[in-house]
Amino acid sequence: MIILIDQDGPLADFTAGFNSYWAKMFPGRLIISKERRKNFYLEEDYPEDLRPLIEKVFFVEGFYRNLPVVEGAIEAIGEMIRAGFDVRICTSPRTRYENCVLEKYQWVENNFGHEFTKGMIMTRDKTLVKGDYLIDDKPEIIGSASPEWEHLLFDYPYNQDAKNKRRINWKNWKDIIFP
Ligand SMILES: [Mg+2]
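Asks: Run through the pattern of salt bridges, naming residues and quoting values.
Replies: Applying the stated rule across the entire model yields 15 salt bridges. Among the ionic pairs, Asp8 bridges to Lys104, the shortest N-O distance being 2.9 Å. Highlighted residues: Asp8 in the loop between β1 (2–5) and α1 (14–25) and Lys104 in helix α4 (residues 100–112), separated in sequence by 96 residues. As a salt-bridge pair, Arg167 and Asp155 come within 2.5 Å of each other at their nearest N and O atoms. A residue pair is termed long-range when its members are at least 10 positions apart, and Arg167 in strand β6 (residues 167–168) and Asp155 in the loop between β5 (150–154) and β6 qualify at twelve residues. Classification of Asp155 by relative accessible area gives partly exposed; the value is 29%. It is possible to trace a salt-bridge network through shared partners that takes in Asp6, Lys126 and Asp136.

Asks: I'd like to hear about the coordination of the magnesium ion, residue by residue, with values.
Replies: Metal coordination angles in their ideal form are 109.5 degrees for the four-donor tetrahedron and 90 or 180 degrees for the six-donor octahedron. Looking at the magnesium ion, one finds its protein donor set to be Asp6 (OD), Asp8 (O) and Asp137 (OD), positioned 2.1 Å from the metal centre. Within one chain, the residues donating to the magnesium ion are spaced in sequence as D-x1-D-x128-D. In this structure Asp8 comes out as buried when scored by relative accessible area, which is 15%.

Asks: Outline α4, supporting the account with residue identities and numerical values.
Replies: Between its first and last C-alpha, α4 extends 17 Å over 13 residues, near the 18 Å set by a 1.5 Å rise per residue. When we look at burial in α4, the residues that qualify are Cys100, Glu103, Lys104, Trp107, Val108 and Phe112. The arc that holds every buried residue of α4, seen down its axis, measures 145 degrees, which confines them to one face. Along α4, exposed side chains directed more than 90 degrees from the buried face belong to Leu102 and Asn110. Residues of α4 that are buried sit in contact with α3 (73–82), β2 (86–91), α5 (114–117) and β3 (121–122). Phi turns positive, to about 95 degrees, at Gly113, one or two residues after α4.

Rules and cut-offs
Residues numbered from 1 in each chain as written. Predicted model: local features only at pLDDT ≥ 70, side-chain atom pairs only at ≥ 80, totals over all residues. Heavy atoms only, no water. Salt bridge = Lys/Arg side-chain N within 4 Å of Asp/Glu carboxyl O. Helix = DSSP H or I, 4+ residues; strand = E, 2+ residues; numbered from the N terminus. Buried < 20%, exposed > 50% of the residue type's maximum accessible area, 1.4 Å probe, protein only. Donors = N, O, S within 2.8 Å, 3.2 Å for Na, K, Ca; no water. Expected span 1.5 Å × (residues − 1). Arc of directions from axis to C-beta. Contact = heavy atoms within 4.5 Å.

Here's what the structure looks like:
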């Protein structure tokens, strides 16, 4: 069984990482906690006039490399690998890819070890990738193919509007993957 796992959201805590850089780089500004996030794209949770500053966080050196790991993610991936599954990170880099591409690899190496970087798949079109499941926090994943995988929606406050998918997190994942 091939299990594809999105990086930002299921594994890397994008909101927590953003909030800590945001508070350091632009102290005193509006800051939106994870629980109060409403939109999949973080910048859409903020007023329009803050968006140029938000972009500065996304592109600052070290931002992607220093994202915290989502609680339970390391244990879950370890268990999947021990169960014999082919587990791969499947991630879409930013279109403006400096420093994101390199730092996504560094992040995986730092948190999961160098060996795990070898299976990484970076693509802007996940529908072209083969697999049984794709665990991803994005509500809709579209591309140029009809995907083979079932999209398991990694549960977050900002994707609650999506009703047509099975939801997964690092507490309930075994009930879904080992039915
Ligand atoms: Mg994601």
